[in-house]
Amino acid sequence: MKLNCFYSLVLLLLVSCTQANGVIIPTANTYEINPDDTKDSIIVKAAHIVPTNNQYEALKNEFIAFIHFGPNTFTRKEWGSGMEPPETFDLKSLDTDQWCEAMKSAGMKMVILTVKHHDGFCLWQSRYTDHGIMSTPFEDGKGDLLKDLSESCQKHGLKLGVYLSPADLYQIEHPDGLYGNLSEYTERVIPRPVEGRPFENKTTFKFKVDDYNEYFLNQLFELLTEYGPIHEVWFDGAHPKRKGGQTYNYLAWKELITTLAPEAVIFGKEDIRWCGNEAGGTRDTEWNIIPYDDNPHTMSVFSDLTDNMLGGREQLSEANYLHYQPAETNTSIREGWFYRDDTNQKSRSADDVFDIYERSVGGNSIFLLNIPPNREGLFSQVDVDVLEEVGERIRETYTDNLLSGAKGPKKTLDGNEFSYELLNEGESSIEYTTSSPITINRFVLQEAITTHSERIEKHALDAWIDGAWQEVATATNVGYKRILRFPEVTSSKFRIRVLESRLQPALSNVSAHYYKTRPPQLSIVRDIDGMVTIKPQEHDFQWKSHGIDVAKNIHKDLQIRYTLDGTTPTIGSDLYEKPFLVESGEVKAKAFSHEQVGSEASTLFGVIKKDWKLLSVDSEKENHLAAHAFDANSATYWLSNSTGNSHYIAIDLNKKHKLTGFIYTPQTAHSEGMIEKGTIKVSDDGKTWKVLQQFEFGNLINDPSPRRYYFDNALTTRYIMIQSDVIAGDSKSAAIAELDFLLK
């Protein structure tokens with residue numbers, strides 16, 4: 001106890017003294033917290049927690065790829081049962097060069113292949129099972145997907161990682177399966193020799209393990225010795241099923257991995273942690289100095305860390321150990337981890353992926369993006385297009401440092417990751433002056449984390465404008481990298497202010513950049529009260545939503561201009577600032593970003609729907625009520641019962657209107673209920689109906705966009721009925737997402 005007290009006192013005395021290099025105690029990957037450590041001495045230790053060389057290289061990868069491929073690709077499921085026949089994996093062709101070319105074009109530096117997902121199916125020629133690619137017709141059972149990918153990675157300069165699922169439904173469900181078979185723990189030699197399949201690598205291990213852990217270690221040995229250098233081993237914590245109290249001897253796994261793949265980090269364990277979601281969501285403050293109750297280097301089980309704040313001062317003060325552990329922000333480019341199809345399974349937009357890149361890489365984490373190959377063994381073209389566009393944006397924005405040649409701390413401008421400028425503790429600032437004004441909307445900061453840990457807790461960026469400093473951006477921590485995004489500013493003087501820090505921070509690299517905004521397509525919508533909102537069109541992607549306004553993040557300088565008189569919007573047209581009332585008529589809008597002009601959006605609105613009432617309907621299904629046909633929300637829809645072609649909905653418009661036509665918006669959740677032919681009826685009293693005229697729409701299933709129909713002559717009515725006569729695709733129910741009635 002006296003020694004601990006003395007140690008804490010020495011730490012505090014050291015802090016009070018000026019240190020030439022800002023390093024007070026030896027740096028370490030992990031520090032134990034002593035019972036007598038104070039909050040101040042804990043912060044001193046936190047300020048000396050640094051990444052291992054492997055962790056630092058993983059952070060420098062920045063943008064990496066995930067590939068989920070297997071029987072699920074062909075069954076169109078996310079999780080298999082483990083009992084699918086191997087021939088379910090009906091692969092006829094494969095082009096891993098195409099994968100690598102697409103990933104390289106995106107700026108990715110590594111790819112992680114799911115060599116065995118939870119179903120237990122193996123994508124390499126394993127000696128220890130026949131449940132895998134060796135039992136399929138692909139290349140007459142001689143195919144080895146990992147071998148092909150490894151060769152392509154070496155050809156295209158990409159690092160390689162492997163995902164090997166600890167969960168294994170085949171080994172659980174098969175009568176002779178090894179998972180949870182209650183076998184005895186005995187000393188076993190890894191790898192177990194297999195006649196006719198010797199290993200070139202003659203390294204052996206002895207571990208006291210059961211049957212399943214031996215199986216798992218044997219497969220790890222194959223993966224880490226026969227496919228070139230492996231830079232990441234990915235362990236998923238998901239378990240669709242367990243059996244027999246099966247446990248994992250992770251410490252044995254780790255010994256084998258660190259021996260055979262000394263450059264690899266291990267995901268899901270002490271090296272790399274999960275970000276806490278699969279949606280591409282990021283924390284505003286992502287510290288990589290993480291508090292632990294136990295020593296991470298001796299732990300076997302690591303819980304998911306999902307709290308919004310993990311490494312703040314409050315969390316650190318409650319730790320028994322402090323440990324450096326970066327996060328991977330993982331998500332999929334598609335709605336799901338495995339490929340299903342190119343029609344109903346949507347892909348993320350380039351805007352979305354680029355925004356996640358800037359938030360994750362520029363928020364002190366690693367961006368892991370899944371791209372699932374299709375059943376032809378290729379990345380689908382829509383996904384390739386997104387990857388190429390994102391890569392182009394990254395290169396266009398971040399290749400050149402606009403501060404190059406500026407006056408300022410030279411060690412932050414030399415591009416050397418190991419040189420740094422040591423700042424004062426607490427509040428301090430550094431300035432940069434360019435020879436002529438530059439226009440920027442991105443600013444990048446990096447700390448010297450390998451020598452000085454992560455220390456900046458809060459900072460701001462200022463620009464010298466009109467003879468005074470103006471604050472243009474603020475953020476919290478920096479760590480490996482922080483990308484500041486802000487409306488463009490033009491100046492020749494910039495200042496970084498560190499507002500709060502843990503001891504003296506060391507800035508390694510500083511750079512300024514300009515992102516060329518692409519004016520987005522616009523969406524013009526009106527609510528049930530007639531209030532019109534104009535905003536960037538939201539991409540249709542409905543899988544694990546991150547809930548982040550992508551357009552707001554990447555389009556900081558966007559202006560939206562609109563007209564109500566039918567003319568084309570110009571930079572001089574009305575500026576959209578908030579929702580406005582439109583009784584009826586056409587709204588046109590364009591997005592402007594300096595010299596760039598977006599495409600024109602136009603929407604025609606009819607009678608305001610606030611006071612409409614349902615008169616009658618022939619039928620409606622639960623959760624798809626008739627009122628959904630006029631609730632000003634195209635995501636909801638009326639769906640009748642499946643009784644035939646003829647269905648109707650009758651509406652009271654609250655008062656008489658002179659109508660010139662109507663707009664039919666089909667529902668897009670599925671292909672049911674598209675009204676191909678129908679009849680318009682009107683009434684003077686809402687009881688007795690007469691036919692006005694008939695309408696027809698074509699190609700609705702392939703193109704379920706809103707359809708406009710004009711009456712032969714304008715009519716004045718309060719009560720109107722839409723009747724279906726023919727439903728597309730021989731459907732027996734009618735559906736309407738929205739009805740709009742146009743005014744003269």
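Coordinates for the structure precede this section.
Just so you know, these numbers come straight off a predicted model, no measurement behind them.

K.L.:
For the packing of helix α5 (residues 96-106) against helix α6 (residues 145-156), give the residues involved together with the corresponding values.
P.N.:
When two helices pack together, you describe them by how their axes are tilted relative to each other and by the distance separating the axes. One way to put it is that α5 packs onto α6 with a least axis distance of 9 Å and a crossing angle of 45°. Classified by the angle their axes make, α5 and α6 are oblique. Judged by the twist between their axes, the crossing of α5 over α6 is right-handed. Contacts between α5 and α6 involve Thr96, Asp97, Trp99, Cys100, Glu101 and Lys104 from the former and Leu145, Asp148, Leu149, Ser152, Cys153, Lys155 and His156 from the latter.

K.L.:
Tell me about the sheet that holds strand β3 (residues 110-116), and please be specific about residues and values.
P.N.:
Spatial strand order, β8-β7-β4-β3-β2-β13-β12-β9: eight strands in an open sheet with parallel pairing. In this open sheet, the two edge strands, each paired with only one partner strand, are β8 (265-267) and β9 (273-274). Across five bridges, strand β12 (residues 327-332) lies against strand β13 (residues 366-370) in parallel orientation. The partner of Glu328 across the bridge, within β13, is Ile366. Across the sheet, helix α11 (residues 350-361) is in contact with β2 (63-67), β12 and β13; its angle to β13 comes to roughly 150°.

K.L.:
Now, about the packing of aromatic side chains: what can you tell me, with residues and values included?
P.N.:
Applying the stated criterion across every chain, the model contains 45 aromatic pairs. Between Phe662 and Phe695, the ring centres sit 5.2 Å apart and the planes meet at 70°, which makes this aromatic pair edge-to-face. Note that Phe662 is positioned in strand β30 (residues 647-665) and Phe695 in strand β32 (residues 689-696), a separation of 33 residues in sequence. For the pair shown, Phe662 and Phe695 are each scored as buried. Three or more aromatic residues joined by ring pairs make a cluster, and in this case those are Trp612, Phe630, Phe662, Tyr664, Phe695, Phe697, Tyr709, Phe711 and Phe741. Above the face of the Tyr250 ring, Lys269 is positioned so that its terminal group lies 4.7 Å from the ring centre.

K.L.:
Talk me through the layout of surface pockets; I want residue IDs and the actual numbers.
P.N.:
The space that makes up the second largest pocket amounts to roughly 960 Å³. Lining the second largest pocket are 33 residues; nearest its centre among them are Gln537, Glu538, His539, Val550 and Ala551. Those elements giving two or more residues to the lining of the second largest pocket turn out to be α11, β21 (531-536), α14 (550-554) and β22 (559-563). The leading source of residues in the lining of the second largest pocket is α14, at four residues. In terms of residue class, the lining of the second largest pocket is built from 13 nonpolar, nine polar and 11 charged.

K.L.:
Help me get a handle on the pattern of salt bridges, residues and values and all.
P.N.:
It is possible for side chains bearing opposite charge to pair when their charged atoms get close. One pass over the full model with this rule turns up 40 salt bridges. In this structure, Lys254 engages Glu270 in a salt bridge whose closest nitrogen and oxygen atoms are separated by 3.0 Å. Here Lys254 is found in helix α9 (residues 250-260), whereas its partner Glu270 is found in the loop between β8 and β9, with 16 residues between them in sequence. Given a relative accessible area of 14%, Lys254 falls into the buried group. A salt bridge links Asp352 to Arg348, with the nearest nitrogen and oxygen atoms 2.8 Å apart. On the basis of relative accessible area, Asp352 is assigned to the buried category, the value being 8%. Arg348 sits in the buried class, given a relative accessible area of 2%.

K.L.:
Just give me the short version of the nonpolar core, but keep the residues and values in it.
P.N.:
Ranked by size, the top nonpolar core spans 82 residues in total, and within it Phe63, Met103 and Leu256 carry the most contacts. Those residues in contact with Phe63 that lie beyond four places of it in its chain are Ala106, Gly107, Met108, Lys109, Met110, Val353, Tyr357, Phe367, Leu369, Val390 and Ile394. In this structure, Ile25, Val44, Phe267 and Leu368 belong to the second largest nonpolar core, which totals 37 residues.

K.L.:
Give a detailed account of the environment of Gly161, specifying residues and quantitative values.
P.N.:
Structurally, Gly161 can be placed in strand β4 (residues 159-164). Placed 509 residues apart in sequence, Gly161 and His670 show a C-alpha to C-alpha distance of 38 Å.

K.L.:
Before we move on, can you summarise the sheet that holds strand β17 (residues 468-475) with the specific residues and values?
P.N.:
Pairing within the open sheet is antiparallel, and its six strands lie in the order β14-β19-β15-β18-β16-β17. At either margin of the open sheet sits one strand with a lone partner, and together these are β14 (421-422) and β17. Where strand β16 (residues 456-465) lies against β17, seven bridges are found, and the strand directions are antiparallel. What sits directly across from Trp464, in β17, is Trp469. Taken strand by strand, α11 contacts β15 (428-447) and β18 (482-501), and its axis lies near 40° from that of β18. Packing of helix α12 (residues 381-398) onto the sheet brings it into contact with β15, β18 and β19 (506-513), and relative to β15 it is tilted by some 105°.

Cut-offs and rules
- Residues numbered from 1 in each chain as written.
- Predicted model: local features only at pLDDT ≥ 70, side-chain atom pairs only at ≥ 80, totals over all residues.
- Heavy atoms only, no water.
- Axes fitted to C-alpha atoms, helices over the stretch in contact; angles between N-to-C directions.
- Helix = DSSP H or I, 4+ residues; strand = E, 2+ residues; numbered from the N terminus.
- Parallel < 35°, antiparallel > 145°, perpendicular 65-115°, else oblique.
- Left-handed = near helix turned anticlockwise from the far one by under 90°.
- Contact = heavy atoms within 4.5 Å.
- Pairing = 2+ DSSP bridges.
- Phe/Tyr/Trp six-rings, centres within 6.5 Å; stacked < 30°, edge-to-face > 60°.
- Buried < 20%, exposed > 50% of the residue type's maximum accessible area, 1.4 Å probe, protein only.
- Lys NZ or Arg CZ within 6 Å of the ring centre and 35° of its normal.
- 1 Å grid on protein atoms, 1.4 Å probe; cavity = no way out; pocket = protein on both sides within 12 Å on 5 of 7 lines; lining within 4 Å.
- Points joined across faces, edges and corners; volume = space filled by probe spheres on them.
- Nonpolar A, V, L, I, M, F, W, Y, C, P; charged D, E, K, R; others polar.
- Salt bridge = Lys/Arg side-chain N within 4 Å of Asp/Glu carboxyl O.
- Core = buried A, V, L, I, M, F, W, Y, C linked by side-chain atoms within 4.5 Å.

Bear in mind that shape data such as this cannot, by itself, settle questions of function.
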